Amino acid sequence: MIRTRMMATAMLFNGNDLLMMKRSPTRTLNPGMWAAVGGHMEPEEINDPLTTCVREIYEETGFNEAELLNMRLQYILIRLNQKEVRQQFIYTAETTRRNVVQTNEGILHWIPREQVLDREIPFIFHTLLAHYFDHGPSQNIWVGTAGSSDDSSPTVRWTALVDPMMT
């Protein structure tokens, strides 16, 4: 049986720096790796990923919605992880301050943009960051589907999400 998991994540910037979390080594998913802030949607949030994202940002950083500027949906990632389809909504925003609260999920650090991709980052998020640094911010929402290339190496295929009736 295939299940689904829906998540929302935020790439938060302050100047040229991206807020990243060095995940706790005791975490089940990607222990010790670098990630953005975010998490799973609660049942009442299923049709509202922005609400999930704002809640997760507050829980993991202490930033409230008023401290987030130009927040917008920039990516939707879809992947199959064993018997689970994972759909992740990724927002971008700027913060009005740099000081953050720390939680037991990991340690937050502001990383200069030019050093972000040098960190140990899960493949799919690393690919998304590389795409964003090459193409973003964008007027389009990008949809990424994770899969394999012809040589069986992991890849993400990017498509701009557009309404064909509006073009």
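See the structure shown above.
It should be emphasised that the depicted structure is a prediction, and the values quoted were computed from it without experimental measurement.

A.B. asks: Lay out the overall build of the protein in plain terms, naming residues and giving numbers.
C.D. replies: Scanning the protein for helices and strands turns up three helices and nine strands. Starting at the N terminus, the α and β elements of the protein follow one another as β-β-β-β-α-β-β-β-α-α-β-β. Against the globule reference of 15 Å for 167 residues, the protein gives a C-alpha radius of gyration of 16 Å, in line with a compact fold. Taking all 167 residues of the protein together, the buried fraction comes to 43%. The contacts of the protein with a sequence gap of at least 6 include a subset with a gap of at least 24, amounting to 63%.

A.B. asks: Run through the side chain of Thr95, naming residues and quoting values.
C.D. replies: Within the secondary structure layout, Thr95 lies in strand β6 (residues 84-95). Overall, Thr95 belongs to the buried group, its relative accessible area being 7%. A distance of 3.0 Å separates a polar atom in the side chain of Thr95 from a polar atom in the side chain of Asn14. Beyond its immediate chain neighbours, meaning those up to four positions away, Thr95 contacts Leu12, Phe13, Asn14, Phe63, Glu67, Leu68 and Trp110.

A.B. asks: Could you give an account of the packing of aromatic side chains, naming the residues involved and the relevant values?
C.D. replies: Applying the stated criterion to the full structure yields four aromatic pairs. An angle of 70° between the planes, with centres 5.2 Å apart, marks the rings of Tyr75 and Trp158 as edge-to-face. Residue Tyr75 is located in strand β5 (residues 68-81), and its partner Trp158 is located in strand β9 (residues 154-161); the two are separated by 83 residues in the primary sequence. Put simply, the rings of Phe13, Tyr75, Tyr132, Phe133 and Trp158 pair up and form one aromatic cluster. Its guanidinium or amino end placed over the ring of Trp34, Arg119 lies 4.7 Å from that ring's centre, counting from NZ or CZ.

A.B. asks: Quick rundown of helix α3 (residues 123-135)? Include the residues and the values.
C.D. replies: For α3, built from 13 residues, the straight-helix expectation of 18 Å at 1.5 Å per residue is met to within 8% by its first-to-last C-alpha distance of 18 Å. Every buried residue belonging to α3 is among Ile124, Phe125, Thr127, Leu128, Leu129, His131, Tyr132 and Phe133, and all of these are buried.

A.B. asks: Requested: an account of the nonpolar core, with residues and values cited.
C.D. replies: Within the largest apolar cluster, 20 residues are counted, with the highest numbers of intra-cluster contacts made by Met11, Met20, Val116, Phe125 and Leu129. Of all the secondary-structure elements, those providing two or more residues to this core are β1 (3-14), β2 (17-23), β5 and α3. With six residues, the top contributor of residues to this core is α3. Setting aside chain neighbours within four positions, we find Leu129 in contact with Met11, Leu18, Met20, Val116, Leu117 and Ile121. In terms of nonpolar packing, the next biggest core, distinct from the first, is built from 19 residues, Met21, Val37, Ile57 and Trp110 among them.

A.B. asks: For the environment of Thr51, give the residues involved together with the corresponding values.
C.D. replies: Looking at the element boundaries, Thr51 is found in helix α1 (residues 49-61). Taking relative accessible area as the criterion, Thr51 reaches 35% and is therefore assigned partly exposed. In sequence terms Thr51 and Ser152 are 101 residues apart; their C-alpha atoms lie 37 Å from each other. A polar atom in the side chain of Thr51 sits 2.4 Å from the side chain of Asp48.

A.B. asks: Hey, could you go over the pattern of salt bridges for me, with residue numbers and the actual values?
C.D. replies: Applying the stated criterion across every chain, the model contains seven salt bridges. For Arg55, the salt bridge goes to Glu56, with nearest N and O atoms at 3.1 Å. Of the two residues, Arg55 and Glu56, both sit in the buried class. Of the charged contacts, one joins Glu59 and Arg55 as a salt bridge, the two residues approaching to 3.3 Å between their closest N and O atoms. Here the residue Glu59 and the residue Arg55 both occupy positions in helix α1, the gap between them amounting to four residues, near one helical turn.

Procedures and definitions
Residues numbered from 1 in each chain as written. Predicted model: local features only at pLDDT ≥ 70, side-chain atom pairs only at ≥ 80, totals over all residues. Heavy atoms only, no water. Helix = DSSP H or I, 4+ residues; strand = E, 2+ residues; numbered from the N terminus. Rg over C-alpha atoms; globule rule 2.2 N^0.38 Å. Buried < 20%, exposed > 50% of the residue type's maximum accessible area, 1.4 Å probe, protein only. Contact = heavy atoms within 4.5 Å. Polar contact = N/O pair within 3.5 Å; in protein donor to acceptor, adjacent residues only side chain to side chain. Phe/Tyr/Trp six-rings, centres within 6.5 Å; stacked < 30°, edge-to-face > 60°. Lys NZ or Arg CZ within 6 Å of the ring centre and 35° of its normal. Expected span 1.5 Å × (residues − 1). Core = buried A, V, L, I, M, F, W, Y, C linked by side-chain atoms within 4.5 Å. Salt bridge = Lys/Arg side-chain N within 4 Å of Asp/Glu carboxyl O.

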